[in-house]
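Summary of the model geometry
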Amino acid sequence: MTADTPVRVGIAGLGRSGWNIHAALLAELPGKFRIQAVADPDPHRCREAADRFGCRVADGYDDLLRNDQVELVIVALPTSLHTEASIAALEAGKAVVCEKPMAVSLADTDRMIAEATRTGQLLTVFQNRRYVPDFLKVREVLSSGVLGRIVLIRIVSSGFGRRWDWQTLKHCGGGTLNNNGVHFLDQAMLLLGETEPKVLCHMERTLTLGDAEDHVKVILQGQGAPMVEVELSSACAYPTDVWQIMGTQGGLTGTTSHLRWKTIDPSTLPERTVDERPTPDRSYNHEELAWHEETCDVADYHGPGQAGYYLDLYRTLREGAPLVVTPQSVRRVMAVIEECHRLSPVWSLAGA
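In this report, we go over the structure that sits alongside the text. (Residues numbered from 1 in each chain as written. Predicted model: local features only at pLDDT ≥ 70, side-chain atom pairs only at ≥ 80, totals over all residues. Heavy atoms only, no water.)

1. Considerations on the pattern of salt bridges
Here is the rule: When a carboxyl oxygen of Asp or Glu is within 4 Å of a side-chain nitrogen of Lys or Arg, the pair counts as a salt bridge. Segments assigned H or I by DSSP are reported as helices when at least four residues long, segments assigned E as strands when at least two residues long, and all are numbered from the N terminus. Exposure classes here rest on a 1.4 Å probe applied to the protein chains alone. A residue is buried below 20% of its type maximum, exposed above 50%, and partly exposed in between.
The tally for this structure, following the rule as stated, stands at 23 salt bridges. The residue E287 makes a salt bridge to R272 at a minimum N-O spacing of 2.8 Å. Within this pair, whereas E287 is found in the loop between strand 13 (258–263) and strand 14 (292–297), its partner R272 is found in the loop between strand 13 and strand 14, the two being separated by 15 residues in sequence. Accessibility expressed as a relative area gives 30% for E287, which makes it partly exposed. The exposure class assigned to R272 is exposed, which follows from its relative accessible area of 58%.

Here's what the structure looks like:
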């Protein structure tokens, strides 16, 4: 294929992710991607896709894989089907975008990676929150060094509400960690760096009607790295900011739409030494700090946003650029999730 030929895509699953996210993003990139075929058990969804994109409706997933005009398969099926569907697509000679979470276990994750290696086909995972503006800005501020040595990174995604769909059920691969926690853990692992962290975790069932977790606290500790906390809850009536970062020269806080950070210049601080004598007036040490504060309205960000995931993938498929979201990088996240489930089996105070 030439660099100006659109990548021909088959979408398996036209639910929240397949339709609202993948199809919508690809529709923004008509010169780079073309939806060639779709498969979904709901005929109404298939007709809607055919009408909108002029694509072929496959007679099931196997038929989609037999389509020679499809070179990239997007696996947007329920979580429990990710592994077998991805492996089948790789065996059929297709490149694969697998929805998050990559799999329901680390063993299945490794099977997928092994099959991609064996077939020589591209396998990537839709970790699209690597491309959201607030995360990109946070990485930029951290990389600048203005906050000094980073002591703590806290990422919070909380609210108050019940869910009762398939993503609340363990046998479907549901639960907060797999649903949206995988996104924030992915961000956390990228900010943590290459170190393999020690994992601490607490999980509960609170408001969900299913049997999987909906309240999670994960702490990651790595040698020479800041402590990273990820907190996800459906039982938080007073949500806090998404970001809280502490450093030796300042800190950052904010939401997905607005960030602010303030810093001090260490060179402006007076030289001091430890003094064991009683403090004047029986007071605590105190000094005036000359803060420098900056803000960023993320809404003003004019980059590609989550479409950046597919722009990077296009460059890989058509221009030979290195794959950005590698399955090996996502495997680190899946290893953390598996360790969380090992450390903290889901429990409920209600005993349900």
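2. Some words on the environment of I219
Topologically, I219 is positioned in strand 9 (residues 215–221). In this structure I219 comes out as buried when scored by relative accessible area, which is 19%. Expressed as a C-alpha distance, the spacing of I219 and G18, which sit 201 residues apart in the sequence, is 32 Å.

3. A closer look at the state of the cysteines
Any covalent bond linking the sulfur atoms of two cysteines counts as a disulfide. The condition that has to hold: Cysteine sulfur pairs qualify as disulfides if the two atoms are within 2.5 Å.
The full count for this structure, using the stated rule, is 0 disulfides. Free cysteine C55: the closest other cysteine sulfur is in C46, separated by 8.3 Å. Not part of a disulfide, C340 finds its nearest cysteine sulfur in C201, a span of 3.6 Å. The buried category is assigned to C340, whose relative accessible area is 0%.

4. Section: the sheet that holds strand 8 (residues 198–204)
Rules: For two strands to be treated as a pair, DSSP must find no fewer than two bridges joining them. Note on method: axes are straight lines fitted to C-alpha atoms, helices fitted across the in-contact stretch only, with angles between N-to-C directions ranging 0 to 180 degrees. Residues are treated as being in contact if the distance between any of their heavy atoms lies within 4.5 Å.
A sheet is described by the order of its strands in space; here 8 strands give the open sequence 8-9-10-7-11-12-13-14, paired in mixed fashion. Strands at the two margins of the open sheet, each flanked by one partner only, are strand 8 and strand 14. The mean inter-strand angle of the sheet, taken between neighbouring strand axes irrespective of direction, is 10 degrees. As paired strands, strand 11 (residues 243–247) and strand 12 (residues 250–254) are joined by 5 bridges and run antiparallel to one another. When the bridges of strand 12 are listed, I245 appears paired with L252. Across the face of the sheet, helix 9 (residues 327–343) comes into contact with strand 8 and strand 9 while running at roughly 60 degrees to strand 8.

5. A closer look at the sheet that holds strand 1 (residues 7–12)
Here we have 6 strands laid out as an open sheet, ordered 3-2-1-4-5-6, and parallel in their pairing. In this open sheet, the two strands that pair with only one neighbour each are strand 3 (56–57) and strand 6 (123–125). Pairing of strand 1 with strand 2 (residues 33–39), which is carried by 6 bridges, proceeds in the parallel orientation. Bridge pairing in strand 2 links A12 to A39. The sheet contacts of helix 4 (residues 82–91) involve strand 4 (72–75), strand 5 (95–98) and strand 6, and relative to strand 5 the element is tilted by about 165 degrees.

6. Regarding the packing of helix 6 (residues 133–144) against helix 7 (residues 176–192)
How we decide: Each angle is binned into one of four classes, with values under 35 degrees roughly parallel, values over 145 roughly antiparallel, values of 65 to 115 roughly perpendicular, and all other values oblique. Handedness of a crossing follows from how the near helix is turned relative to the far one, being left-handed for an anticlockwise turn of less than a right angle and right-handed for a clockwise one.
Direction vectors running N to C along helix 6 and helix 7 enclose 15 degrees, while the axes themselves pass 12 Å from each other. On the basis of the axis angle, helix 6 is roughly parallel to helix 7. You can see that helix 6 and helix 7 cross each other, and the crossing is right-handed. For the pair formed by helix 6 and helix 7, the contact residues are F135, R139 and L142 on the first element and Q187, L190 and L191 on the second.

7. Looking at the pairing of strand 1
Worth spelling out the cut-off: Handedness of a crossover: with both strands directed away from the viewer, a clockwise path from the first strand across the helix to the second marks it as right-handed.
Most of strand 1 is tucked away, with 6 of its 6 residues classed as buried. Because side chains alternate across strand 1, one face comprises the buried residues V7, V9 and I11, and the other comprises R8, G10 and A12, equally buried. The parallel pair strand 1 and strand 2 is bridged by helix 1 (residues 16–27), and the resulting crossover is right-handed. In this structure, strand 1 lies alongside strand 4, joined through 4 bridges in parallel fashion. Bridged to I11 within strand 4 is I74.

8. Some points on the nonpolar core
Nonpolar side chains in soluble globular proteins tend to end up buried together. How we decide: Residues grouped as a nonpolar core are buried Ala, Val, Leu, Ile, Met, Phe, Trp, Tyr and Cys residues, joined through side-chain atoms within 4.5 Å.
Core analysis: the biggest nonpolar cluster contains 94 residues, and V218, W243 and Y310 have the highest contact counts within it. If one sorts the elements of this core by residue count, helix 7 sits on top with 8 residues. What V218 contacts, discounting residues up to four positions off in sequence, is L177, L185, V199, L200, C201, V228, E229, V230, V336 and C340.

9. Observations concerning the pairing of strand 9
In this structure, strand 8 lies alongside strand 9, joined through 7 bridges in antiparallel fashion. Within strand 9, the position partnered with E204 by the bridge is H215. Looking at chain direction, strand 9 and strand 10 (residues 227–233) are connected through 6 bridges and run antiparallel. Of the residues in strand 10, the one forming a bridge with H215 is S233. Linking strand 9 back to strand 10 in an antiparallel pair, the connection comprises 5 residues, with G224 at a positive phi of about 70 degrees.

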